[in-house]
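# Fold and geometry: a report
Below are the chains, spelled out letter by letter.
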Amino acid sequence: MESIIKVDKVIKKFGSDTALSNVSIEFERGKIYGIVGRNGSGKTVLFKTIIGFLKPDSGRVIVDGKEVGKDTDFADYIGIIIETPGFLNSYNGYKNLEYLASIKNIIGKKEIMESMERVGLDPHSKKKVGKYSLGMRQRLGIAQAIMENPDILILDEPMNGLDNQGVEDEFF
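Residues numbered from 1 in each chain as written. Predicted model: local features only at pLDDT ≥ 70, side-chain atom pairs only at ≥ 80, totals over all residues. Heavy atoms only, no water.

## Digging into the overall build of the protein
Defined as follows: Put simply, DSSP marks the helices as runs of H or I at least four residues long and the strands as runs of E at least two long, and each gets a number from the N terminus on. Within these notes, the globule rule equals 2.2 Å times the number of residues to the 0.38 power, and the radius of gyration is based on C-alpha atoms. Relative accessibility decides the category of a residue: with a 1.4 Å probe and only protein chains considered, values under 20% of the type maximum give buried, values over 50% give exposed, and everything between is partly exposed. Surface accessibility in these figures is a Shrake-Rupley result with a 1.4 Å probe; residues are shielded only by whichever protein chains are displayed. Think of it this way: Lys and Arg go in the positive column, Asp and Glu in the negative one, and His and the chain ends go nowhere. To locate a charge, take atom NZ for lysine, CZ for arginine, CG for aspartate or CD for glutamate.
Counting its regular elements, the protein contains 5 helices and 6 strands. Counting from the amino terminus, the protein carries its helices and strands in the arrangement β-β-α-β-β-β-α-α-α-β-α. Radius of gyration (C-alpha) of the protein: 17 Å, near the 16 Å computed for a compact globule of 172 residues. If you line up the protein on its principal axes, its C-alpha atoms span 45 × 30 × 30 Å. Relative to its full complement of 172 residues, the protein shows a buried share of 38%. If you sum the accessible surface of the protein, you get close to 10,300 Å²; carbon and sulfur atoms cover 47% of it. Computed over 24 positive and 25 negative side-chain charges, the inter-centroid distance for the protein is 4 Å.

## Digging into the side chain of Asn 92
Position of Asn 92 relative to the elements: it lies in the loop between β5 (78–81) and α2 (93–104). Its relative accessible area of 12% is what places Asn 92 among the buried residues.

## Describing the nonpolar core
Rule in force here: Take the buried residues of types Ala, Val, Leu, Ile, Met, Phe, Trp, Tyr and Cys, join any two whose side-chain atoms come within 4.5 Å, and each joined set is a nonpolar core. Residue contacts are counted whenever heavy atoms from the two residues lie within 4.5 Å of one another.
Residues Ile 5, Ile 50, Val 63, Ile 78, Ile 152 and Ile 154 are the most contacted members of the largest nonpolar core, which totals 20 residues. Breaking this core down by element, the ones donating at least two residues are β1 (3–14), β2 (17–28), α1 (43–51), β3 (58–63), β5 and β6 (152–155). The dominant element in this core, judged by the number of residues it contributes, is α1, at 5 residues. Discounting chain neighbours no more than four positions away, the residues touching Val 63 are Ile 4, Ile 5, Ile 50, Val 68, Ala 75, Ile 78 and Ile 152. Formed by 19 residues, the second largest nonpolar core is a distinct cluster that contains Leu 97, Ala 101, Met 113 and Val 119.

Structure (structure tokens):
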């Protein structure tokens with residue numbers, strides 16, 4: 001099986017604190033992986049390094065054959081939730097996703113609406129995101145991560161803030 005993500009001897013430090021110490025791991029295409037660790041163990045730093053938000057101090061990250069930071073600034077075709085999803089509080093959920101979709105301009109109204117419905121949100125709701133519960137914001141974050149049908153999904157604590165029904169729902 002071919003690797004879609006390869007992390008090779010990555011070191012990432014913040015001052016005198018080492019977040020990633022010589023990390024090497026490969027992820028095969030078509031499989032689902034879980035990264036488990038205590039708070040502060042470097043999971044989020046690893047995810048941010050894979051997608052290109054952070055550059056490693058040494059080592060390399062290759063996503064779908066391209067070295068992040070060398071061949072490409074950011075990994076392509078990745079849906080992500082890193083920490084708390086950030087949205088424009090004065091817009092409703094649909095308008096937020098429409099704005100984000102306009103960046104790549106590869107999907108339209110239909111795909112945005114379908115992604116919202118898939119996670120249990122009403123795309124016609126006028127409710128502003130600033131009035132959303134934590135669980136609703138998390139659902140909107142999942143909708144954003146899946147709306148462009150990415151090849152890779154990186155979800156950092158995707159169940160954070162979801163009620164029992166939300167955890168049981170199958171979004172993917």
